[in-house]
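# Observations on the model geometry
Each chain is listed here by its residues.
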Amino acid sequence: MEENKEILKKEYEIIVQRLIEYTLIKNLLTEIKKQEETYIHIGGMIFAKGKILDDQNFLVNIGENVYIEKSRDELLNIISNIISQLERRKKEIEEELSK
């Protein structure tokens, strides 16, 4: 029983982190605009100067270096659904942990 609670606590922490990540992504997608020059995050602590030429369509990595184009609205809808699923699971875990 105690081992199960530890597993749930770890899952809960992961869900909270993913909620933060997806909320940030959603906010960035809402605010991103075409820009003459900006810094684009490459990974880690590395940024490159670049231009955002299209603020309505984005490439999404769906695995194994395969990318598909999605509109801003499609992505915002997908991300909202992911956030809802994570929030539901977070609530379920909170209920289980409170027993």
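Report follows, based on the coordinates.

Reading the values: the criteria
- Residues numbered from 1 in each chain as written.
- Predicted model: local features only at pLDDT ≥ 70, side-chain atom pairs only at ≥ 80, totals over all residues.
- Heavy atoms only, no water.
- Helix = DSSP H or I, 4+ residues; strand = E, 2+ residues; numbered from the N terminus.
- Expected span 1.5 Å × (residues − 1).
- Buried < 20%, exposed > 50% of the residue type's maximum accessible area, 1.4 Å probe, protein only.
- Contact = heavy atoms within 4.5 Å.
- Core = buried A, V, L, I, M, F, W, Y, C linked by side-chain atoms within 4.5 Å.
- Axes fitted to C-alpha atoms, helices over the stretch in contact; angles between N-to-C directions.
- Parallel < 35°, antiparallel > 145°, perpendicular 65-115°, else oblique.
- Left-handed = near helix turned anticlockwise from the far one by under 90°.
- Nonpolar A, V, L, I, M, F, W, Y, C, P; charged D, E, K, R; others polar.
- Pairing = 2+ DSSP bridges.
- Salt bridge = Lys/Arg side-chain N within 4 Å of Asp/Glu carboxyl O.

A few words now on helix H2 (residues 72–97). For H2, spanning 26 residues, the distance from its first C-alpha to its last is 37 Å, which sits close to the expected 38 Å at 1.5 Å a residue. Listed in full, the buried residues belonging to H2 are Arg72, Leu75, Leu76, Ile79, Ile83, Leu86 and Ile93. Along its buried surface, H2 packs onto helix H1 (2–31), strand S3 (57–63) and strand S4 (66–71).

This paragraph deals with the nonpolar core. Core analysis: the biggest nonpolar cluster contains twelve residues, these being Leu8, Ile15, Leu19, Tyr22, Leu29, Phe58, Leu75, Leu76, Ile79, Ile83, Leu86 and Ile93. For this core, the secondary-structure elements that each account for two or more residues are H1 and H2. Per-element tally for this core: the top contributor is H2, with six residues. With near-sequence residues (within four places) excluded, Leu8 lies in contact with Arg89, Ile93, Glu96 and Leu97.

Here we come to unusual backbone geometry. In the Ramachandran plot, Glu64 falls in the positive-phi region, its phi being about 50° despite a non-glycine side chain. In this fold, Glu64 is placed in the loop between S3 and S4. According to the relative accessible area criterion, Glu64 is exposed, its value standing at 81%. The backbone of Asn65 shows a phi angle near 55°, a positive value even though the residue is not glycine. A relative accessible area of 63% places Asn65 in the exposed class.

Moving on: the packing of H1 against H2. For the pair H1 and H2, the least separation of the axes is 9 Å and the interaxial angle reads 155°. In terms of orientation, H1 lies roughly antiparallel with respect to H2. Crossing hand, H1 versus H2: left-handed. Considering only residue class, the contact of H1 with H2 consists of 16 nonpolar, three polar and twelve charged.

The subject of this paragraph is the pairing of S4. Pairing between S3 and S4: six bridges, direction antiparallel. Among the inter-strand pairings, Leu59 is bridged to a residue of S4, identified as Glu69. Counting the residues between successive antiparallel strands, the hairpin from S3 to S4 contains two residues, one of them, Glu64, with a positive phi of roughly 50°.

Evaluation of the coordinates by the stated rule reveals six salt bridges. Between Glu92 and Arg89 there is a salt bridge; the shortest N-O distance is 3.0 Å. Residue Glu92 and its partner Arg89 are both found in helix H2; the two are separated by three residues, about one turn of the helix. On the accessibility criterion, Glu92 (40% relative accessible area) is partly exposed. Here Glu94 makes a salt bridge to Lys90, at a shortest N to O gap of 3.7 Å. Here Glu94 pairs with Lys90, and both are found in helix H2, just four residues apart, close to one helical turn. Note on Lys90: relative accessible area 24%, which makes it partly exposed. One continuous salt-bridge network, built from bridges that share partners, spans Glu11, Arg89 and Glu92.

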